[in-house]
Amino acid sequence: MTTDAELAQRIKLGEKPAFQELYERYAPRIYHFSNSYLKNETDAEELVQDVFLKIWEKREILEASQNLKAYIFKIAVNSIYDFIRRKNIENAYKDFSRLNYTNQNDDTWHSVVYEEMKTTLDTLIQQMPEQRRRIFDLSKNKGLTNDEIALRLGLSKRTVENQLYRAVSFLKNQLQNKSLLALLFFFIWYS
């Protein structure tokens, strides 16, 4: 049987059969683990796909010396946390919109609100210093880790973390003055 370390090395080189073997080895475990928290088979299946997609997309950072099982479960735990948080915020948003806008056409209202919130966020993001804006974009829109951003931009990881903290703080502060909807939108799309 191929060891996890050997699989990691082969996946890092882009070998799809090794990735398939890793998937077959760990997908059932991640599924059961996820389903125990999410209590929904469809959501658990979706989460498994997301976890392995992240592994494939970030295969260049895999190291034979790292504990691959721990790495996979760490991604799963973070994904579960993000999923639950996003669902809670989406449910709060739906409750808010249902209570406050029941007489309007839902599709039109959601479309208008989405565009308005997106425009507001884009305007605020453009107000950030260039480096902070680039770091925020690489993190929140491109999905890069702090280490990957630091490497790409030639910065320290601490600088990246500091700039992301400042970007998120700036947006939260600005959006608190706008409305509850703006703040919910921010958390749904950028948290």
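Scroll up for the structure.
All values derive from a computational prediction rather than experimental measurement.

What follows is about the overall build of the protein. A tally of helices and strands in the protein yields nine helices and zero strands. Secondary structure elements of the protein occur, N-terminal to C-terminal, as α-α-α-α-α-α-α-α-α. By residue count, 36% of the 191 residues in the protein fall in the buried class. Here the analysis covers contacts within the protein between residues at least 6 apart in sequence; of these, 61% occur between residues at least 24 apart. A total accessible area of about 11,600 Å² is found for the protein, and carbon and sulfur atoms account for 49% of it.

Our focus in this paragraph is the pattern of salt bridges. Counting across every chain of the model gives eight salt bridges. Notably, a salt bridge pairs R10 with E15, separated by 2.8 Å at the nearest N-O pair. With a shortest N-O distance of 3.7 Å, D147 and K157 are connected by a salt bridge. With D147 in helix α7 (residues 146–153) and K157 in helix α8 (residues 157–176), this residue pair connects regions lying ten residues apart in the sequence. Given the relative accessible area of 46%, D147 is considered partly exposed. Here the residues in one salt-bridge network are D4, E21 and R25, joined through shared partners.

All right, on to the nonpolar core then. Counting residues in hydrophobic clusters, the biggest one holds 27 residues, and the most contacted among them are I11, L22, I30, V51, F52, I55 and I72. Of all the secondary structure elements, the ones that give two or more residues to this core are α1 (4–12), α2 (16–38), α3 (41–57) and α4 (68–100). Setting aside anything within four residues of it in sequence, one finds I30 in contact with L47, V48, V51, F52, I72, F73 and A76. Membership of the second largest hydrophobic core comes to 16 residues, among which are L124, L138, A150 and L164.

Attention shifts here to helix α6 (residues 130–141). An ideal rise of 1.5 Å per residue puts 16 Å on twelve residues; α6 measures up with 16 Å between its terminal C-alpha atoms. For α6, the set of buried residues is R132, I135, F136, L138 and S139. On an axial view of α6, the arc spanned by its buried residues comes to 165°, and they lie on one face. After α6 finishes, the residue G143 shows a positive phi value of roughly 75°.

Looking now at the side chain of K58. Structurally, K58 is set in the loop between α3 and α4. K58 sits in the buried class, given a relative accessible area of 15%.

What follows deals with the packing of aromatic side chains. Following the criterion strictly, the structure yields five aromatic pairs and no others. Ring plane angle 65° and centroid distance 5.3 Å describe the contact between F33 and Y37, whose orientation is recorded as edge-to-face. Here Y37 and F33 lie together in helix α2, a separation of four residues that amounts to about one turn. Owing to a relative accessible area of 23%, F33 belongs among the partly exposed residues under this scheme. Put simply, the rings of F19, Y23, F52 and W56 pair up and form one aromatic cluster.

With that settled, the discussion passes to unusual backbone geometry. The phi dihedral of K39 is positive, around 55°, even though this residue is not glycine. If you trace the backbone, K39 turns up in the loop between α2 and α3.

Moving on to the packing of α2 against α3. For the pair α2 and α3, the least separation of the axes is 8 Å and the interaxial angle reads 140°. In this view, α2 runs oblique relative to α3, as classed from their interaxial angle. Where α2 crosses over α3, the handedness of that crossing is right-handed. Where α2 abuts α3, its residues K16, F19, L22, Y23, Y26, A27, I30, Y31, S34, N35 and L38 lie against E41, D43, A44, E45, L47, V48, Q49, V51, F52, I55 and W56. Taken together, the residues of the contact of α2 with α3 sort by class into 15 nonpolar, three polar and four charged.

Conventions and cut-offs
- Residues numbered from 1 in each chain as written.
- Predicted model: local features only at pLDDT ≥ 70, side-chain atom pairs only at ≥ 80, totals over all residues.
- Heavy atoms only, no water.
- Helix = DSSP H or I, 4+ residues; strand = E, 2+ residues; numbered from the N terminus.
- Buried < 20%, exposed > 50% of the residue type's maximum accessible area, 1.4 Å probe, protein only.
- Contact = heavy atoms within 4.5 Å.
- Areas by Shrake-Rupley, 256 points an atom, 1.4 Å probe, with all protein chains shown as cover.
- Salt bridge = Lys/Arg side-chain N within 4 Å of Asp/Glu carboxyl O.
- Core = buried A, V, L, I, M, F, W, Y, C linked by side-chain atoms within 4.5 Å.
- Expected span 1.5 Å × (residues − 1).
- Arc of directions from axis to C-beta.
- Phe/Tyr/Trp six-rings, centres within 6.5 Å; stacked < 30°, edge-to-face > 60°.
- Axes fitted to C-alpha atoms, helices over the stretch in contact; angles between N-to-C directions.
- Parallel < 35°, antiparallel > 145°, perpendicular 65-115°, else oblique.
- Left-handed = near helix turned anticlockwise from the far one by under 90°.
- Nonpolar A, V, L, I, M, F, W, Y, C, P; charged D, E, K, R; others polar.

That's the geometry; what it means functionally is another story.
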